[in-house]
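Structure assessment
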Amino acid sequence: MKLDVKISPRLGLAWMLIGLVGGLPALAAEPNVTYKCPGHIYSNTMTAKEAKDKGCTILEGSVTVIQGTKVRPTSNAVPGSSPAGSKVDPADQRTRDTDARRILEGELKREEDRLVGLKSEYNNGEPERRGDEKNYQKYIERTADLKAQIERKTSDIAAIRRELAKLPQ
């Protein structure tokens, strides 16, 4: 029984289990010397001299090879999209694009309205003091929080505008 196996370093031990298997009548007739060579290569077809030249070591026991699952190629398809090769009807795609645009425009309007409200409350860094802000530190913290919220809203609005720009007109 001849065995030449090359194991990918990425898959490592998932592809191959090394175990002690004894008592197999088919293997008893042949000398069972398996060599472990650099680069995750296992072989029982080479001579002792070849193994020594390649820097291989003798592996005690036998080698068991277990079939792994096939690696599926990655695709650039969006999850939930139709299978590869099938096309979406242009009218359906236009409807989807129109719906997406309408949703994004509504979201943009809401975010812009919230930004206007935050800016008016922020009042150029001097918001009105509330009754619960007798401690000046609370006022400073609320002012910093308002500023951070304004920056986040501005970033959100920019992201929505980028998404709208990606959609066809």
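Now for a look at the structure at hand.

As a further point, take helix H3 (residues 90–122). Structural remark: α-helix, 3.6 residues per turn; residues separated by three or four positions point the same way. Here H3 is 33 residues long and its end C-alpha atoms lie 47 Å apart, about the 48 Å a rise of 1.5 Å per residue gives. Regarding H3, the residues found buried are Asp97, Arg101, Leu104, Leu108, Glu111, Leu115, Leu118 and Tyr122. Those residues of H3 that are buried are in contact with helix H4 (136–166). Following H3 by one or two positions, asparagine 123 has its phi on the positive side, about 55°.

The next point concerns the pattern of salt bridges. Summed over the entire model, instances satisfying the criterion amount to 11 salt bridges. A salt bridge links aspartate 53 to lysine 49, with the nearest nitrogen and oxygen atoms 3.6 Å apart. With aspartate 53 and lysine 49 both in helix H2 (residues 48–54) and four residues apart, this pair spans about one turn of that helix. The exposure class assigned to aspartate 53 is exposed, which follows from its relative accessible area of 59%.

Further remarks concern the packing of H3 against H4. The interhelical angle for the contact between H3 and H4, taken along N-to-C directions, is 160°, at an axis separation of 9 Å. The orientation of H3 relative to H4 falls into the category roughly antiparallel. By crossing handedness, the relation of H3 to H4 is classed as left-handed. Residue composition of the contact of H3 with H4, by class: 10 nonpolar, three polar and 14 charged.

About the criteria used
Residues numbered from 1 in each chain as written. Predicted model: local features only at pLDDT ≥ 70, side-chain atom pairs only at ≥ 80, totals over all residues. Heavy atoms only, no water. Helix = DSSP H or I, 4+ residues; strand = E, 2+ residues; numbered from the N terminus. Expected span 1.5 Å × (residues − 1). Buried < 20%, exposed > 50% of the residue type's maximum accessible area, 1.4 Å probe, protein only. Contact = heavy atoms within 4.5 Å. Salt bridge = Lys/Arg side-chain N within 4 Å of Asp/Glu carboxyl O. Axes fitted to C-alpha atoms, helices over the stretch in contact; angles between N-to-C directions. Parallel < 35°, antiparallel > 145°, perpendicular 65-115°, else oblique. Left-handed = near helix turned anticlockwise from the far one by under 90°. Nonpolar A, V, L, I, M, F, W, Y, C, P; charged D, E, K, R; others polar.

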